[in-house]
Amino acid sequence: MSGTKSGGHADDPFQEGGSLLRQPKAVWATAGASVVAFMGIGLVDPILPSIARGLHASDSQVSLLFTSYFLITAFAMLVTGFVSSRIGGRRTLLAGLALVVVFAALSGMSGSVGELVGFRAGWGLGNALFVSTSLAVIVGAAAGGSAAAILLYESALGLGMACGPLLGAILGDMKWRYPFFGTAVLMAIGFVAITAFLKEQPRPARKTSLLDPLRALGHGGLASAAVAAFFYNYAFFTVLAFTPFVLDMSPYSSGGVFFAWGVLLAVFSVLVAPRLQHRFGSLKVLGGSLLLLAADLLVLGYGDHTTAVVCTVLSGAFIGLNNTVFTELALGVSDAPPDSVRGYPQRPVASAGYNFVRWFAAAAAPFLAPRIEEWTDLHVPFVVAAAAAVTGAGIVAVRRRTLTIEAAEPAPRHAAQDGVSAFAN
């Protein structure tokens, strides 16, 4: 990838005899579980007001469901490489799935908002172990090349982000506890499928230490991408975690809004972003998309209810573009071998360091947005989120040289062969 021009997928997965759909059972089992794993992120969106009423909690207390989840996810990024490089990808996947099954079920049985927040933290650890390993496993087991495998994974991510709110709405309309039990059942099915169909994957030659991801952030390009993504994620998760309280709709209506949001996110991430990158270059697409997201957030915050619904859905398009380009930046700046004279970090380690930084914003936004509203008014949290998106665009512009990849034949979408996590999305 280049800072000026960037193609999308280097391979066309549809040119090799339909290789995208002709995959081993192990790939489909892992991809199916990945859909459910990503559903868990937006699952609670439509039922946040219902949870608040059911547990007699305030909006700011319920928003901690996201904060605990992503705070643990951030720290888990320092652990996942350490674990998977020692016990292997299959066992890491199964450990993550088992944790999600247990903590999702416990979440459904919570008697207080404090218990629910704690169980969501355990859920976040399980999800981090699973999603940080699943892309590498899919690529390792897939037929037809890495492009087909990664497109399948990105499709699973988009489908999960879209269907999570829908499942939450359908089950949550009956009782707010049911979406948690539903997730536990689906993940248990995924556990059985992976146990049955997935063989153990080769372990990396070098074991990862807990401090390697932090050391990787000493690379200027990776640090720039991580900090810019931190501010972007603050804006992203203001939409995901705070907007449901602003819309104040029934679970079905809120689920429909965020389903449409997720569909746009998936379409723009998988189909539109590569074409725009090829035509305009990654950094121009990223900077423009961040500024458009900022404008969208301002209109969302100051518009009427209908405008807020439209802007919420529309934000999915900008978020989809940003997700794809940020992921490729994080992969691209670690494009060279670790012993290169430029000192690039290894891709799996670089990804862990990048995610460690940016997921803190996903934890901060759900915590801060309701409190900013309490201290000021309903509009200011969206102004802060818009300012964060503009800051991210500013970092991309100022640090443009460090974010421009100089490798002669970059192939960021093949980087998953080294075990890098597409949870960077």
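Look above for the structure.
Right, let's walk through the structure included here. Computed from a predicted structure; not experimentally measured. (Residues numbered from 1 in each chain as written. Predicted model: local features only at pLDDT ≥ 70, side-chain atom pairs only at ≥ 80, totals over all residues. Heavy atoms only, no water.)

## Comments concerning the packing of aromatic side chains
Then, number 1: Across all of its chains, the model carries 19 aromatic pairs by this definition.
Then, number 2: Taking 5.4 Å as the distance between ring centres and 85° as the angle between the ring planes, the aromatic pair formed by F230 and F231 counts as edge-to-face.
Then, number 3: By relative accessible area, F230 is classed as partly exposed at 26%.
Then, number 4: One cation-aromatic arrangement involves R120 over W123; the distance from NZ or CZ to the ring centre is 4.8 Å.
Then, number 5: The ring of W359 has R358 lying over it, and the distance from NZ or CZ to the ring centre is 4.2 Å. (Phe/Tyr/Trp six-rings, centres within 6.5 Å; stacked < 30°, edge-to-face > 60°. Buried < 20%, exposed > 50% of the residue type's maximum accessible area, 1.4 Å probe, protein only. Lys NZ or Arg CZ within 6 Å of the ring centre and 35° of its normal.)

## Things to note about the side chain of S68
Then, number 1: You can see S68 is positioned in helix α4 (residues 64-87).
Then, number 2: We classify S68 as buried; its relative accessible area is 11%.
Then, number 3: Residues contacting S68, with those up to four places away along its chain left out, are V117, R120 and A121. (Helix = DSSP H or I, 4+ residues; strand = E, 2+ residues; numbered from the N terminus. Contact = heavy atoms within 4.5 Å.)

## A few points about the nonpolar core
Then, number 1: In terms of nonpolar packing, the biggest core is built from 120 residues, with I51, F70, F180, I194, F237, W261 and F326 touching the most fellow members.
Then, number 2: Per-element tally for this core: the top contributor is helix α10 (residues 220-247), with 17 residues.
Then, number 3: The residues contacting I51, other than those within four sequence positions of it, are V62, L65, L116, W176 and F180. (Core = buried A, V, L, I, M, F, W, Y, C linked by side-chain atoms within 4.5 Å.)

## Observations concerning the packing of helix α6 (residues 113-141) against helix α8 (residues 178-197)
Then, number 1: α8 packs onto α6 with a crossing angle of 25° between their chain directions and a minimal axis gap of 14 Å. Classed by the angle they form, the pair α6 and α8 counts as roughly parallel. Here α6 runs over α8; the crossing is left-handed. Note on element contacts: α8 touches α6 through F180, T183, M187 and I194, opposite L116, W123, N127 and F130.
Then, number 2: For the contact of α6 with α8, the class distribution of residues is 6 nonpolar, 2 polar and no charged. (Axes fitted to C-alpha atoms, helices over the stretch in contact; angles between N-to-C directions. Parallel < 35°, antiparallel > 145°, perpendicular 65-115°, else oblique. Left-handed = near helix turned anticlockwise from the far one by under 90°. Nonpolar A, V, L, I, M, F, W, Y, C, P; charged D, E, K, R; others polar.)

## Focus: α8
Then, number 1: With 20 residues, α8 should reach 28 Å at 1.5 Å per residue; the first-to-last C-alpha distance of 29 Å fits that figure.
Then, number 2: When α8 is considered as a whole, its buried residues turn out to be P179, F180, G182, T183, A184, M187, G190, A193 and I194. (Expected span 1.5 Å × (residues − 1).)

## A short note on unusual backbone geometry
Then, number 1: Phi at H56 is positive, roughly 55°, even though this residue is not glycine.
Then, number 2: The backbone of D248 sits at a positive phi, close to 50°, despite the residue not being glycine.
Then, number 3: Looking at the secondary structure, you find D248 in the loop between α10 and α11 (251-280).
Then, number 4: The exposed category is assigned to D248, whose relative accessible area is 55%.

## Some details on α10
Then, number 1: Relative to the 40 Å expected for 28 residues at 1.5 Å per residue, α10 spans 40 Å between its end C-alpha atoms, a close match to the ideal helical length.
Then, number 2: Bending of α10 peaks at approximately 40° at the position of A241, with proline P244 no more than four residues after it.
Then, number 3: Within α10, 23 of the 28 residues are buried, leaving the element largely enclosed by the surrounding structure.
Then, number 4: After α10 finishes, the residue D248 shows a positive phi value of roughly 50°. (Bend = angle between axes of the 7 residues up to and from the residue.)

## Concerning the environment of L171
Then, number 1: Within the secondary structure, L171 sits in helix α7 (residues 146-172).
Then, number 2: In this structure L171 comes out as buried when scored by relative accessible area, which is 19%.
Then, number 3: Sequence separation between L171 and Y252 is 81 residues, and the spatial gap between their C-alpha atoms is 9.4 Å.

## Here's the deal with a nonpolar patch on the surface
Then, number 1: Judged by side-chain polarity, L166, I170, Y252, F259, V263, V267 and L271 come together as a nonpolar surface patch covering roughly 540 Å² of accessible area.
Then, number 2: Secondary-structure elements contributing two or more residues to the nonpolar patch are α7 and α11.
Then, number 3: Element by element, the count of residues in the nonpolar patch is highest for α11, at 5 residues.
Then, number 4: Inspection of the secondary structure assignment puts V267 in helix α11. (Patch = residues over 30% accessible without salt bridge, like charges linked within 9 Å, V, L, I, M, F, W, Y side chains within 5 Å. Areas by Shrake-Rupley, 256 points an atom, 1.4 Å probe, with all protein chains shown as cover. Salt bridge = Lys/Arg side-chain N within 4 Å of Asp/Glu carboxyl O.)

Everything listed here is a matter of coordinates, which is why it stays silent on function.
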